[in-house]
Every structure is written in C-alpha cells, then in structure tokens.
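# Structural features, examined
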Amino acid sequence: MFAAERRQLILEMVRANGAVSLRELARVVQTSEVTVRRDVRALEAEGLLDRRHGGAVLPGGFTRESGFPQKSHLATAEKTAIADLAASLVEEGEAIVVGAGTTTQELARRLARVPGLTVVTNSLLVAQALAHANRVEVVMTGGTLRGSNYALVGSGAEQSLQGLRVSRAFLSGSGLTAERGLSTSNMLSASVDRALVQAAAEVVVLADHTKLGTDTMFQTVPTDLITRLVTDEPPAHDDRAATELQALADQGVQIAVTGASGAPGGDQVPARQQQRRDVPLPGPRRGQAPSPGGPALRTATALGEPIAGAERARVADLRRR
C-alpha cells in the first residue's frame, strides 16, 4: 500500500471512530507502528487529525463519541484482559453497579460465574450478558433508551437510583486524565454515570491505554472519587501514557495493570498519596437463597430503600469532603 493510500485509510478510520490506537491502525493497514506513527504525524501537520497517547483522534481537542459497532471492534484484547482482572475484584454475595460500555459488557460476561451477586445496571447489554446466570440478580434502572450504546438514560434512570447503596461501581468512559478524571462525550450518559457513582462506596474505572490522556466534554467521575483504575500495559514507546498513570497514582488512585502479553497480570502501580475512604460496605448476601426460576429482573426503585436520617447526613458529609 502506498503512503497516500495508507494515510487516507487512517483518516477514514479516525473519522468513523473518533479515536483509534496506533496498534489498531497498524493492524488494519498491515504495517508497523513506526510507519503508522509517521503517517499520523504527517496528517496532523495538515490539520486533519490530532495525535494522542498512543493513537489519533479527531481535531479540535475533544473527541466525539463512537457508536457501539465501532467501539466493539477497538482494543478487544485489551478489554478482555481488563475485564478478567476487574472480575477478580468482585466477591461472592456483593451488590455492585455496572455502567454502560463495551468494556463493562465484557466484565458482565465474567460476573455470571459469581454466586449470590446483585448487579444494578442501566445497560441492556450488561443485563443481557447476565440474563441466564442462575445465581445473579439483575436490577435495571428506569429511563429512556439511548440506542447508540443500548443504555437507559434521563431523569427516570437517575431517580430510580436514589436511595440505593452498593459496595462498588464499575464504570467506563470515553477519556481519562489525572486533571479531570473520567469523562464522556454525551451529557445524558454523564448524568446517569454520576448518579451511579453516588450509589457506591468505591468507584472502579475500566479504561484501556488509548483512553489515558484523552479529555472529552462531560466529566463523570473526578479523580479524587476514583478508588481504582484497571487498565492494560501501555506500549513501550508511549511515555505519555505512563506519565498519566503515575499522575493518577500520585493523586491516590490505585492502579491495576494487566500483563503486557494481554493476560491479567495485576501489576500494581504504587500510589504515593493513598486516600482512604472510610465508608462501610453493605454486608454480603451469602445467606440469601437464589430466586426461583433464575435471575430476577426488576427496577432499581424496588431495590432502593431510604437511608436513615443520620446515615444520610454522614454520607453527605463524606461526599462533601
């Protein structure tokens, strides 16, 4: 393939997806990452795209949101490894929240093997992945269906999460920086993600290395509220991604990195200033018998119980901190 043909294909991929990693570009155009990096530099010089940590994005500073079909084919090996590692954090009998996204969908497929689990989600794809898990209870929010990512959004989704309390929230997004935290390109999705965060004692972000250093329009989780980041090993040449990881660790985020081979290795990047969040976790549901006939699928309104006045005041005080 001639350089002009290669660059035209690269440009078409970035325009179709919003953001594409160098690794993915090299695979599609069937050349080395060194050659692709040179092509990306040339296209950036012409103002046709912007370079980002290990990839390329649309020009203008903020990436737009890709549709589900495009996202599902990006960084598939990395998402699989991240999902494997994230699933190892979930214990039997927990009650958790899982947000919308292709990486969280991969996580849901692995959670089907965790007995006594309750999963609250606004994602139809997450619910579908758990629909036949006999010992997992699936609780769906209300809301309006957003077809581009098969998620329920809007005031109905947010209201159904009021009064809910779970141990952990597992969220993905369009970008992650140490300065702003997790962000997404859609306002409705961002509002629901913020409501999911408010329901959880801990927040676990799932993001592959292509999202590190990428900033999008709407902030969902500020850095000081992120308990843990599960990500993949950045390419050896991607110094900026490594710098971003260290910056996140310096702000107290616990970093779990999958092995460089794609298998979950669970290497920890030490945080220099770990921030403790002394919020009691709900007790496990190990003693509860599974629902007859398989998993129960109901709305979050039925699950959420009002928090006592004293507890509500204490939680509000913790959030203000």
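This text goes with the structure placed above it.
Reference entry: report on the structure contained in this document.

## Focus on the nonpolar core
- With 33 residues, the main nonpolar core has L176, V205, L229, L248 and I255 as its most contacted residues.
- Listing elements by their share of this core, those giving two or more residues are β9 (166-171), α9 (187-198), β12 (200-206), α10 (239-250) and β15 (254-257).
- Membership of the second largest hydrophobic core comes to 28 residues, among which are A133, M140, L206 and A256.

## Some points on the pairing of β12
- Where burial is concerned, most of β12 is hidden: 6 out of the 7 residues are buried.
- Relative to strand β14 (residues 228-231), β12 is paired through 3 bridges, and the arrangement is parallel. By the bridge assignment for β14, L206 is matched with V230.

## Let's talk about the sheet that holds strand β13 (residues 218-221)
- Taken together, the 3 strands give an open sheet; going across it, the order is β10-β11-β13, and neighbouring strands pair in antiparallel fashion. Whereas interior strands pair on both sides, the edge strands pair on one side only; in this sheet they are β10 (175-177) and β13. The average undirected angle you get between the axes of adjacent strands in this sheet is 40°.
- Of the pairings in the sheet, the one linking strand β11 (residues 181-184) to β13 comprises 3 bridges and is antiparallel in character. Bridge pairing in β13 places T184 opposite F218.
- Across the face of the sheet, α9 comes into contact with β11 and β13 while running at roughly 20° to β13.

Rules behind the numbers
- Residues numbered from 1 in each chain as written.
- Predicted model: local features only at pLDDT ≥ 70, side-chain atom pairs only at ≥ 80, totals over all residues.
- Heavy atoms only, no water.
- Core = buried A, V, L, I, M, F, W, Y, C linked by side-chain atoms within 4.5 Å.
- Buried < 20%, exposed > 50% of the residue type's maximum accessible area, 1.4 Å probe, protein only.
- Helix = DSSP H or I, 4+ residues; strand = E, 2+ residues; numbered from the N terminus.
- Pairing = 2+ DSSP bridges.
- Axes fitted to C-alpha atoms, helices over the stretch in contact; angles between N-to-C directions.
- Contact = heavy atoms within 4.5 Å.

All quantities given are derived from atomic positions and should not be read as evidence of function.
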